[in-house]
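Now for the letters of each chain:
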Amino acid sequence: MMLLCSFSIISQEHFPKNDGVKSKNTNYTAFTNAKIYVTPTQIIENGTLLIKDGKVIASGNSVTIPKNSVIVDISGKSIYPSFIDMYSSFGVEKPKRQGGRGRASQYDASREGFYWNDHVMPEQNAIDDFKFNKKSASELRKAGFGVVNSHMQDGIVRGTGILVALTDEGGDSERIIDGRSGQYLSLSKSVKSRQSYPTSTMGALALLRQMYYDADWYAKGGSNSKDRSLEALNANKNLVQIIAAGSKANDVRVDKVGDQFGIQYVILGGGDEYERINEIKATNASYILPVNFPKAYDVENIFLASVLELEDMREWNQKPSNPKSLADNGISFALTTHSLKSPKEFKSNLLKALKYGLDKTKALEALTSVPAKLLGKSNTLGSLKNGAYANFLITSGEIFDKKTTLFENWVKGQKNVLESMTVKDIRGDYTFNISNTSYDLSISGELSKPKAKVKSGKTDLGSKLTYKDNWINLTFISADTTKQEYFRLTSRITKTNNLSGKVILPNGNETFFFAQKAEKEDSEDKKKGKKPDTDKDVKMMPVTYPNGAYGFTQLPKQETILFKNATVWTNEKDGILKNTDVLIKNGEIAAIGNNLDSSGAKVVDATGKHLTSGIIDEHTHIGISGGGNEAGHNSSAEVTIEDIINPEDIGIYRNLAGGVTSMQILHGSANPIGGRSAIVKLKWGESADNLLYKNTPKFIKFALGENVKQSNWQSFSRFPQTRMGVEQLYMDYFTRASEYDVKKKSGKPYRKDIEMDVLAEILNNERYITCHSYVQSEINMLMKVADKFNFNINTFTHILEGYKLADKMKAHGVGASTFSDWWAYKYEVNDAIPYNATIMHNVGVVTAINSDDSEMSRRLNQEAAKSIKYGGVSEEEAWKFVTLNPAKLLHIDDRVGSIKVGKDADVVLWSDNPMSVYAKAEKTIIEGVTYFDIERDKQSHEAIKKEKSELISMMLKDKNKGLKTQPIKKKDKPELHCDTI
Amino acid sequence: MNKINYISALLMLCFTITFAQQTPAPSQTEAFTITGATAHIGDGTVIENSVIIVENGKITACVNGLTSKIIFKGKVIDAKGKHVYPGFIAPNSTLGLAEIGAVRATRDFDEIGAMNPHIRSIIAYNAESKVVESVRPNGVLIGQITPRGGTISGTSSIVQFDAWNWEDATLKVDDGIHLNWPNSFTRGRWWLGEDPGLKANKNYAKEVNNISTFITESKAYLKGNKSTKNLPYDAMQGLFNGSQKLYVHVNDEKGITDAVDFAKTNGITNMVIVGGYQAFKVAHLLKTNNIPVLVRRVHSRPNSDDDDYDYPYKLAKLLTDQGVLVGLENSGQMERANARNLPFQAGQVVSQGMNKEDALKLITSNTAKILGINADYGTLETGKSATLFISEGDALDMRTNILSHAFIDGRVISLETHQTELWKRYSEKYKSQE
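Residues numbered from 1 in each chain as written. Chains lettered and ligands numbered in written order. Predicted model: local features only at pLDDT ≥ 70, side-chain atom pairs only at ≥ 80, totals over all residues.

Enquirer: Can you help me understand the overall build of chain A in this one?
Expert: Scanning chain A from N- to C-terminus turns up 26 helices and 46 strands. Across the 981 residues in chain A, those meeting the buried criterion constitute 52%. Put simply, of all contacts in chain A between residues at least 6 apart along the chain, 67% involve residues at least 24 apart. (Helix = DSSP H or I, 4+ residues; strand = E, 2+ residues; numbered from the N terminus. Buried ≥ 20, exposed ≤ 12 C-beta atoms within 10 Å, placed from the backbone. Contact = placed C-beta atoms within 7 Å.)

Here is the structure:
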């Protein structure tokens, strides 16, 4: 590599100089006869690029070259603006995780004078920790990068980044382009603090929201104490805000937070955006995309390979299409080396994306003009317009061609040689004679690191070739291999069509050799003609919704369906109607009767079958991502499950197969005041937002007993530790919420507190409570607390001792949602009895049976039927335990819960009496759309088998081609319960 | 409420407070006859209008009352319109080894150490467990009480569920040794920052070798003079002389294949697969080697997103169709409280197309055969123990699994439980408010 002393722009004018005279170089450098990409779309053929003082002076076909110019003729070569990586940790070392995993969680912040949460660190500035790393800089330059935007990759709010030119010379004064280049955020906690909050993704989202409110309050002078974090956050407000979301789902989630506060984040994606590209487009955000495309799994061992899941196999097959998908949809994006092991992997991955159809201009934009624009540096970076930094690449040809050589990477006018442009191409076939023996020499491989093969007649002679600084050294073994004698040749390369120099013979004598290159046959072109690049035949499996097993290639449509001759469980006055027709139309139940008109309807013969409204599970934790408990505080009313619905959970499909159509996804039971619920329909394949009920009733989860006391694990520091404390916690929060609400309604300025807003909704009877509860004392207590604050508890869930105070519950007006027969798992369920539902029902409490479990929820009909056994509830009433009654508890019984004209067409067709253990759901329909069909399910099994087999073949092919593979693994998908933290 | 009722209610209240558990029934002294019921024999057949005579704890007749003339003996229980079943058997169960899952002090099923054949479940079995009594009203009358944990968890015993103490409860002591076959996959240690997903178990061969070594050493020890006692080796004897069965807890195809080969190599002939999630893939191997399977909990989730949603429901049927002898087991989360749902798990298999009487075998005669107690239990056949119950209807369906009588060895057992007592007590409470 060339030493960089030809330019003296490095010295700064206000610095004294003691090692010589102060000199200033005012020369120009002109690159002539080049193909110049001024921008990805503005291309000059045979042009000149004129630079001076690290900046572009001019470019074009008729640039006047000043006399004091160094002229570099690079005819045949191309010049591109160099790449920008805007998501880098270059030179900013990530802190190490704090050791000592103590038993107890830490609930309070470790810092003083900063925000209450340690993971919010807007006051952090990458520039303070920046240390230029020559080795990484060199690696990045080899990959084509000239500038990186680096930051401290730690914490939820990470503070400002630093924009750095990757030049070794001149020190940081020369390298740092911007010391406050954007603010970085993420949803991951800092490793520097063990503060517990947030323990979940929804907690992180809530924390961001509260933080913005607090910053606003602080800016308005509302706070009378010092908060350096909020001050920094406010100071960073006008910078570009870059957030690490890391998955398509989180992309959408963080964008919503931004929308709420008028911030349009630039989002670091997860590479899976193609799976929900319409939702991604709707964010209107710009993206930073990683290119860490997965390697094929090593599938040779068939037993190991058998655990691979279709979605993971597809990910390997489809992920390289992600950048193309964004480009095709007009979504602006930059590319990053982030999450690659080394920048060396960048080009091969980028080539893969191109192979999958990413447009080359888009790719170039994603590496130059787009990041420059996102960073607000379009005038100086990302192009070779006049006045821009002289950050450019000199290449042998089209930059994204596999065969193209990257010769030089100039950063701020500093030359970095990667491959010498003067290297002569010596590759070819030669013959030469030494001592009357004829040898064939064949040189191939990389231009600057070629390999040699030497033959004498038909015998291969072991050889070694080095080629450096225009000299070659070639050693090969003599034909008589028993002797281990070597010929040593050396030649200075002056021409490309022959080699000549001296040979040292095995006996030590020196002689000369001359090797003539054979005329080149147009072998490459011939190959092309014969066999087109097979790599171009990318076979991509179709993306489904969701993109894994049992997903829909096309979302199913609403239909008009007539069920003929069914046994219809109406849950209305009509009771159970035999031999009855039901028509569903426009997503609603249109008619119930006999001999209904079938015109325009798909007719389903339901003879011998039972038609019911769909099952409603009042208590589930499926369909959640990033944790179902925000356990970092004893109250977490600020979090909401609506933020983190995972519509791709296979549990949704399996629940459909069990006849479930609606459910309340609840926060867990880690704290007395939990998070807000999501009430959803199981619209398999739809987006998270489309699962939610329109005008959804507002709910929040509360919890009592052993879980909130943290009785069954080692935690002794969080209040409350007793049932006595639980009561006082409620008294405290509701008292404060009540005071807050008065202030809020008074019109005076107040600090907006999401948690208090939610609790005030309860006090104002705008939000319902579903409370996890077991023993009678605590159940009674909560009703009394509610009485004191003039509201009602809506539902006690689990409520295993409800039978002991059903009379008091009825008087309070609270409903019950219980397990059929769970008990003996905790001390507080010692008196749980399977007759619980029956007794509460008999007393007059609205009673439902729930699951809290993704296995049980797919046969809730059986769980309800247990009430027939335990206490003799009628079949019709027992059926309501899992349909109409939970609908009432959730305040959605105006839409669902029975078969009634005008209600949503959420129906299930059963093979048998749904109260029987022998019944199977054959069709599960929501709003007239068939989301589960037992016949389609059977076909899916075959399709899954076939596709997996095909993907395995493709992976084997990859391995046989010599490509690297990764070992078999299966993702962890925890099954959540109330107490899963 | 009249006075007498009031007094009896009071008495009942006293009774529940004084005795938390049901009093075991005394031995049968007089013969009795159950008439008119549909008798589900447990071997796949049904006798309508049956006459079942029970004497000295044994079934002395079980015939169709319309076609064969038979003289009733002793007290006659009219069960017309009802159904009689052999007592259901819960294999691989921890009933009586723990009372409350979350309370460590009550947990006695998992000893430390890897090779624990000498650890015996029977002596820890709590015959007075409130959980045990709660399974009887659903027809579950017999269980194989099995330790957990380690590589060789220990030795199980088979008990009946109405006894004063473990000794009286025992039907077959130390019936089998339970081996947890090494997993082909391990989970990443997330607390060390590893990916928590599944990856290939690099120590699989080593772990299998540890078991082989233990077997080889046990054999060598047993051939010697045993001058220095080695309790674990000593406890292996029954496996080699055929008096005990080896229960291999394994789910994956490769593990099952390796385990079958392992047992053959080591001369272990009495082998049972427990779990067997992928046993269907090696059904032929199991059939040819006469190896039965205790299929893992029917009411469980598929292991993979890609698997059929109803695969766990139908596995028992798939294996049965291939000619493998199958029973159902219920280990897993909340397994003790859930043991009473065993009949409905058999019912679930019916929904997958298995004949009801064949499904019944999965929790009666098949299990009895697998456990080696079929000479006395598992069917309503003459000469067998009168361990049976009368249900109002189909006992595999929760709607109709309503017991009026249950017998263990001819003894009339109580169908009351801690739970029925609370049910009655609080029903009374609300009745009195009316």
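Enquirer: Just to check I follow, could you spell out the overall build of chain B for this structure?
Expert: A tally of regular secondary structure across chain B gives 14 helices and 18 strands. A compact globule built from 434 residues would reach a C-alpha radius of gyration of about 22 Å, and chain B, at 23 Å, matches this within 12%. Each of the three principal axes of chain B carries a C-alpha extent, and together these read 70 × 55 × 50 Å. Taking all 434 residues of chain B together, 50% fall into the buried category. For chain B, long-range pairs separated by at least 24 residues make up 67% of all intrachain contacts whose partners lie at least 6 apart in sequence. (Rg over C-alpha atoms; globule rule 2.2 N^0.38 Å.)

Enquirer: What is the right way to read the sheet that holds strand β15 (residues 326-328) of chain B from this model?
Expert: Backbone hydrogen bonds are what pair the strands of a sheet, in a parallel or an antiparallel way. All names here are of chain B. Taken in spatial order, the eight strands of this open sheet run β6-β7-β8-β9-β12-β13-β14-β15, and their pairing is mixed. One side of each edge strand has no neighbouring strand; the edge strands of this open sheet are β6 (88-93) and β15. In this sheet, neighbouring strand axes are inclined to one another by 30° on average, regardless of whether the strands run parallel or antiparallel. Bridging between strand β7 (residues 140-145) and strand β8 (residues 152-160) involves four bridges; their strand directions are antiparallel. By the bridge assignment, Ile142 is partnered in β8 with Gln160. (Pairing = 2+ DSSP bridges. Axes fitted to C-alpha atoms, helices over the stretch in contact; angles between N-to-C directions.)

Enquirer: So what exactly am I meant to see when it comes to the interface of chain A and chain B here?
Expert: Put simply, an interface is often sized by how much accessible area is lost when its parts join up. Each partner contributes to the interface: chain A provides 52 residues, whereas chain B provides 45 residues. For the side of chain A that touches chain B, the elements supplying multiple residues, two or more each, are α8 (302-305), α9 (310-318), α15 (650-656), α21 (806-812), α22 (836-843), α23 (860-869), α26 (934-960) and β46 (969-970) of chain A. At five residues, the largest contribution of residues to the side of chain A that touches chain B is made by α23(A). With two bridges connecting them, β46(A) and strand β11 (residues 198-200) of chain B associate as antiparallel partners. Within the sheet, the bridge partner assigned to A:Lys970 lies in β11(B) and is B:Leu198.

Enquirer: Looking at this structure, how should I read helix α5 (residues 228-235) of chain A?
Expert: Residue pairs spaced three or four apart in an α-helix point in one direction, given the helix's 3.6 residues per turn. Residues and elements named next belong to chain A. Every buried residue of α5 is accounted for by Ser229, Leu230, Ala232 and Leu233. Seen from one end, α5 has its buried residues packed into an arc of 160°, which puts them on one side. Those residues of α5 hidden inside the fold are in contact with β8 (157-160) and α4 (201-219). (Arc of directions from axis to C-beta.)

Enquirer: What am I meant to see in the domain arrangement of chain B here?
Expert: All names here are of chain B. What the domain assignment reports for chain B is domain 1 (23-85) and domain 2 (88-377). Using C-alpha coordinates to define each centre, domain 1 is positioned 33 Å away from domain 2. Listed per partner, the contact involves nine residues of domain 1 and 10 residues of domain 2. Here the side of domain 1 that touches domain 2 is built from residues that sort into four nonpolar, four polar and one charged. (Domains from an automatic or database assignment. Nonpolar A, V, L, I, M, F, W, Y, C, P; charged D, E, K, R; others polar.)

Enquirer: Would you take a moment to explain the domain arrangement of chain A for this structure?
Expert: As far as domains go, chain A holds domain 1 (1-82 + 382-423), domain 2 (83-97 + 109-372), domain 3 (428-520), domain 4 (556-614 + 897-963) and domain 5 (615-896). Its C-alpha centre places domain 1 of chain A at a distance of 67 Å from the equivalent point of domain 5 of chain A.

Enquirer: Please explain the pairing of strand β29 (residues 576-585) of chain A as it appears in this structure.
Expert: Every regular strand shows the same layout, with side chains that alternate between the two sheet faces. Residue and element names in this part refer to chain A. Summarising the sheet, strand β28 (residues 561-569) and β29 pair through six bridges and their orientation is antiparallel. Bridge pairing in β29 places Leu562 opposite Leu583. Connecting β28 to the antiparallel partner β29 that follows it, the hairpin turn spans six residues, and Asn571 within it adopts a positive phi of roughly 65°.

Enquirer: Hey, could you run me through the pairing of strand β24 (residues 471-477) of chain A in this one?
Expert: Residue and element names in this part refer to chain A. Bridge count between strand β23 (residues 463-468) and β24: six bridges; the pairing is antiparallel. Across the sheet, Thr466 pairs through a bridge with Asn473, a residue of β24. If you look at the hairpin formed by β23 and β24, you'll find two residues sitting between the two strands, and Asp469 has a positive phi there, around 50°. Looking at chain direction, β24 and strand β25 (residues 486-492) are connected through seven bridges and run antiparallel. When the sheet's bridge partners are listed, Trp471 is paired in β25 with Arg492.

Enquirer: Would you mind showing me how to read the sheet that holds strand β37 (residues 699-703) of chain A here?
Expert: Residues and elements named next belong to chain A. Spatially, β35-β37-β38-β39-β40-β41 is the arrangement adopted by the six strands of the open sheet, whose pairing is mixed. Edge positions in the sheet fall to β35 (673-676) and β41 (847-849), since each has one partner strand and no second. The average angle at which neighbouring strand axes cross in this sheet is 25°, direction not considered. Here strand β39 (residues 795-798) runs beside strand β40 (residues 815-818); their pairing, made up of four bridges, is parallel. Residue pairing in the sheet places His798 in a bridge with Thr818 of β40.

Enquirer: Even after reading the chapter, I still don't get the confidence of the model for chain A, so can you show me in this structure?
Expert: Predicted coordinates in regions of low pLDDT should not be interpreted in detail. Averaged over all residues, the pLDDT of chain A is 93; the fraction at 70 or higher stands at 96%. Below a pLDDT of 50 lies the segment residues 523-533 of chain A, which in the model reaches zero contacts outside its immediate sequence neighbourhood of four places, other chains included. (pLDDT = per-residue confidence, 0-100.)

Enquirer: For this particular structure, what's the right way to read unusual backbone geometry?
Expert: Glycine aside, negative phi is the norm for most residues, and most peptide bonds take the trans geometry. A cis amide bond, omega -5°, links A:Tyr197 with the succeeding residue A:Pro198. Positionally, A:Pro198 belongs in the loop between β11 (183-186) and α4. With an omega of 0°, the peptide bond between A:Phe719 and A:Pro720 qualifies as cis. Considering the arrangement of structural elements, one finds A:Pro720 in the loop between α17 (706-709) and α18 (723-746). One non-glycine residue, A:Ser339, adopts positive backbone phi at about 75°. As for its position among the elements, A:Ser339 is in the loop between β16 (333-336) and α11 (344-355). When the 13 C-beta atoms within 10 Å are taken as the criterion, A:Ser339 is described as partly exposed. Even without being glycine, B:Asn290 reaches a positive phi, approximately 55°. Note on placement: B:Asn290 falls in the loop between α8 (283-288) and β14 (293-295).

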